[in-house]
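Residues per chain are reported as follows:
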Amino acid sequence: MHTLTPRQIVAELDKYIIGQEQAKRMVAVAVRNRWRRQQLDPAMRDEIAPKNIILMGPTGVGKTEIARRLARLTGAPFIKVEATKYTEVGYVGRDVESMIRDLMDIGIKLVRDEEGQRVSAQAEAQAEERLLDLLLPGSSLDASREATRAKLRNLWKLGHLDSHEVEIEVTEQAPQMNMFGMPGMDSNGFGSQMKDMMSRFMPPKTHKKRMKTRAAYEILVQQARDSMLDEERIVEIARERVEQSGIVFIDEIDKVASSASQQRSSDISREGVQRDLLPVVEGCAVNTKHGMIHTDHILFIAAGAFHFSKPSDLIPELQGRFPLRVELQPLGSQEFYRILTEPDNSLQKQYAALLSTESVALHFTEDGLREIASFAEDTNARSENIGARRLYTILEKILADIAFEAPDRAGQHIVVDKAYVEEHLDDVKQDVDLRQFIL
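Small disclaimer: the values here were computed from a predicted structure and weren't measured.

Peer 1: What is the right way to look at the pattern of salt bridges in this model?
Peer 2: Counted under the stated rule, the structure contains 29 salt bridges. Note that Arg275 and Glu271 form a salt bridge whose closest N and O atoms lie 3.3 Å from each other. In this pair, Arg275 and Glu271 both sit in helix H11 (residues 270-282), 4 residues apart, roughly one turn of the helix. Residue class for Glu271 comes out partly exposed when judged on its relative accessible area of 30%. Across the salt bridge formed by Lys310 and Asp313, the nearest N and O atoms sit 3.8 Å from each other.

This is the structure:
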């Protein structure tokens, strides 16, 4: 994180997300402020709270992608949750604290993968030795045995032993009961505690199994890697990273906001969910199976379309915990064209790569791409605005025949120009009613 300046963060985000400069700058500053806070004296550091953000805008304009890419850039534990999945205390369903428990699990997996990469070379070397022991049983250390072992090692590296079979000891995990399927089992982490208790009563069993050497080697590598990792250290690092750099993305926050014009119903109170969410965002200690997790410095990014409500419809206490707000702009034809051409993983490159596996060369012309972008803008304006996701449906419609016939068209070069696009979208253009169902 310390190597990325706000300008560099925005430049990295530009590779995947088109437009929305204000939102990118805001999240870049928020991430940089976390690094700045770490450089301060501890007394001052504890006083500085993260500046949580509300992203406003229609679906498909990049709200989730900005947060996800940001977390990937910084190596921060990241979780995306939907506000509508949670209920207020006293009702059956997930309580808001479960998002922190899930974030901790993600943090542990993230750290474990990093530590596993660190010891990967050692684990592979150890697994290779264990595999050679299985291929050449015995304990003598004479010269002929060492020569045979060296030959086996060479054959293994050349792939000549992949079809051989060996017998190794594997661990079989005991089946776990799904506590979340039972009412109230998720409350205060009780479900995870019950799972841990059941796992102690039913420890994993080991048994010997014959398999191909390549599959056995993968298992031996994993076993060697697991034996080298210190689980207590992993949990400690993960806890520190979750508390200091974790990011929780709360989508559909507008769905739990009640405007004055909306009718009160007998459903679970939206305001109750907000009040339960408040202490987590404000800063509290959440009990997990790995210990207490303090949420004081976790960054919360909330997002919503806010078509029928606005941020001011949230309870005042929760509003105050999201001081930064930015409205993402709807996408027009120019943005759609840039989405199709500029990102490293743009849609046209994805479809071209998929069809290249069938030896079909797919090429989009500029006028073809601009026609697609124009049609996406027009369709979004006439029907539900689903942002950049509209491009998926249009491209699938245009390329449906090619995708189906690709195995029979190997070696062909297909050009998607303006005329081709118009031809394949003509029926949708003519029938407005059909358009709302297909696109």
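The rest of the description comes next.
Peer 1: Help me understand the packing of aromatic side chains in this model?
Peer 2: In this description, a pair of aromatic rings is defined by centroid distance and the angle of the planes. In total, this model carries 1 aromatic pair according to the counting rule given. The side chain of Arg32 reaches across the aromatic face of Trp35, ending 4.0 Å from its centre. Here the guanidinium or amino end of Arg69 rests over the ring plane of Tyr16, the centre of that ring lying 3.9 Å away.

Peer 1: Explain the side chain of Arg149 to me, please; I cannot follow it from the model alone.
Peer 2: With respect to the helices and strands, the residue Arg149 is situated in helix H7 (residues 143-158). Arg149 sits in the buried class, given a relative accessible area of 11%. A polar contact is formed between the side chain of Arg149 and the side chain of Asp133, at a distance of 2.8 Å. With sequence-adjacent residues up to four places away left out, Arg149 is seen in contact with Glu129, Leu132, Asp133 and Leu136.

Peer 1: Got a minute to help me understand a negative patch on the surface in this structure?
Peer 2: Together, Asp367, Glu422, Glu423 and Asp426 line one region of the surface with negative charge. No other element matches the 3 residues that helix H17 (residues 418-430) contributes to the negative patch. Relative to the assigned elements, Asp367 resides in helix H15 (residues 366-382).

Peer 1: What exactly am I supposed to notice about the pairing of strand E8 (residues 299-304) here?
Peer 2: Looking along a regular strand, one sees side chains alternate from face to face of the sheet. Counting buried residues along E8, 6 of its 6 residues qualify, which places the element largely inside the surrounding structure. Across 4 bridges, strand E1 (residues 53-56) lies against E8 in parallel orientation. Following the sheet pairing, Met56 is matched in E8 by Gly304. Pairing of strand E5 (residues 247-251) with E8, which is carried by 4 bridges, proceeds in the parallel orientation. When the bridges of E8 are listed, Ile247 appears paired with Leu299.

Peer 1: Could you clarify how one ought to interpret the confidence of the model for the protein chain in this entry?
Peer 2: Keep in mind that low pLDDT regions are not for reading the predicted coordinates in detail. For the protein chain, the average pLDDT comes to 83, and 85% of its residues sit at 70 or higher. Confidence drops under pLDDT 50 across residues 179-185; counting only partners more than four residues distant or on other chains, this segment forms 12 contacts.

Peer 1: What is the right way to look at the packing of helix H1 (residues 6-14) against helix H4 (residues 63-74) in this model?
Peer 2: How two helices pack is summed up by the angle between their axes together with the distance between the axes. Between H1 and H4, the shortest axis-to-axis distance is 10 Å and the interhelical angle comes to 120°. Taken together, the axes of H1 and H4 are oblique relative to one another. Between H1 and H4 lies a crossing whose hand is right-handed. Packed against H1, whose contacting residues are Ile9, Glu12 and Leu13, the element H4 presents Ile66, Arg69, Leu70 and Leu73 at the interface. Classifying every residue of the contact of H1 with H4 by side-chain character gives 5 nonpolar, no polar and 2 charged.

Peer 1: Can you help me understand unusual backbone geometry in this one?
Peer 2: Outside of glycine, negative phi angles account for most residues, and trans bonds account for most peptide bonds. The backbone of Gln20 shows a phi angle near 55°, a positive value even though the residue is not glycine. In this structure, Glu252 takes a positive phi of about 60° despite not being glycine. Among the secondary structure elements, Glu252 is positioned in the loop between E5 and H11.

Peer 1: Please clarify how the packing of helix H14 (residues 347-356) against helix H16 (residues 389-405) should be interpreted in this entry.
Peer 2: The contact between H14 and H16 brings their axes to 12 Å, and the two run at 25°. As the angle between them shows, H14 and H16 are arranged roughly parallel. For the crossing formed where H14 meets H16, the hand is right-handed. Side by side, H14 and H16 meet where Leu347, Tyr351 and Leu355 of the first sit next to Leu391, Tyr392, Leu395, Glu396, Leu399, Ile402 and Ala403 of the second.

Peer 1: Got a minute to help me understand helix H2 (residues 21-38) in this structure?
Peer 2: The α-helix advances 3.6 residues per turn, and as a result positions three or four apart in sequence lie on the same side. The end-to-end C-alpha distance of H2, which contains 18 residues, comes to 26 Å, matching closely the 26 Å that a straight helix rising 1.5 Å per residue would cover. Along H2, the residues that are buried comprise Ala23, Lys24, Met26, Val27, Ala28, Ala30, Val31, Arg32, Arg34 and Arg37.

Peer 1: I keep staring at the sheet that holds E8 and nothing clicks. Help me out?
Peer 2: Strand pairing in a sheet relies on backbone hydrogen bonds. The paired strands run either parallel or antiparallel. With parallel pairing, 5 strands are arranged side by side in an open sheet as E2-E5-E8-E1-E9. In this open sheet, the two edge strands, each paired with only one partner strand, are strand E2 (78-82) and strand E9 (324-327). Taken over all neighbouring pairs, the strand axes of this sheet differ in orientation by 20° on average, direction set aside.

Cut-offs and rules
Residues numbered from 1 in each chain as written. Predicted model: local features only at pLDDT ≥ 70, side-chain atom pairs only at ≥ 80, totals over all residues. Heavy atoms only, no water. Salt bridge = Lys/Arg side-chain N within 4 Å of Asp/Glu carboxyl O. Helix = DSSP H or I, 4+ residues; strand = E, 2+ residues; numbered from the N terminus. Buried < 20%, exposed > 50% of the residue type's maximum accessible area, 1.4 Å probe, protein only. Phe/Tyr/Trp six-rings, centres within 6.5 Å; stacked < 30°, edge-to-face > 60°. Lys NZ or Arg CZ within 6 Å of the ring centre and 35° of its normal. Polar contact = N/O pair within 3.5 Å; in protein donor to acceptor, adjacent residues only side chain to side chain. Contact = heavy atoms within 4.5 Å. Patch = residues over 30% accessible without salt bridge, like charges linked within 9 Å, V, L, I, M, F, W, Y side chains within 5 Å. Areas by Shrake-Rupley, 256 points an atom, 1.4 Å probe, with all protein chains shown as cover. Lys, Arg positive; Asp, Glu negative; His and termini not counted. Charge placed at Lys NZ, Arg CZ, Asp CG, Glu CD. Pairing = 2+ DSSP bridges. pLDDT = per-residue confidence, 0-100. Axes fitted to C-alpha atoms, helices over the stretch in contact; angles between N-to-C directions. Parallel < 35°, antiparallel > 145°, perpendicular 65-115°, else oblique. Left-handed = near helix turned anticlockwise from the far one by under 90°. Nonpolar A, V, L, I, M, F, W, Y, C, P; charged D, E, K, R; others polar. Expected span 1.5 Å × (residues − 1).

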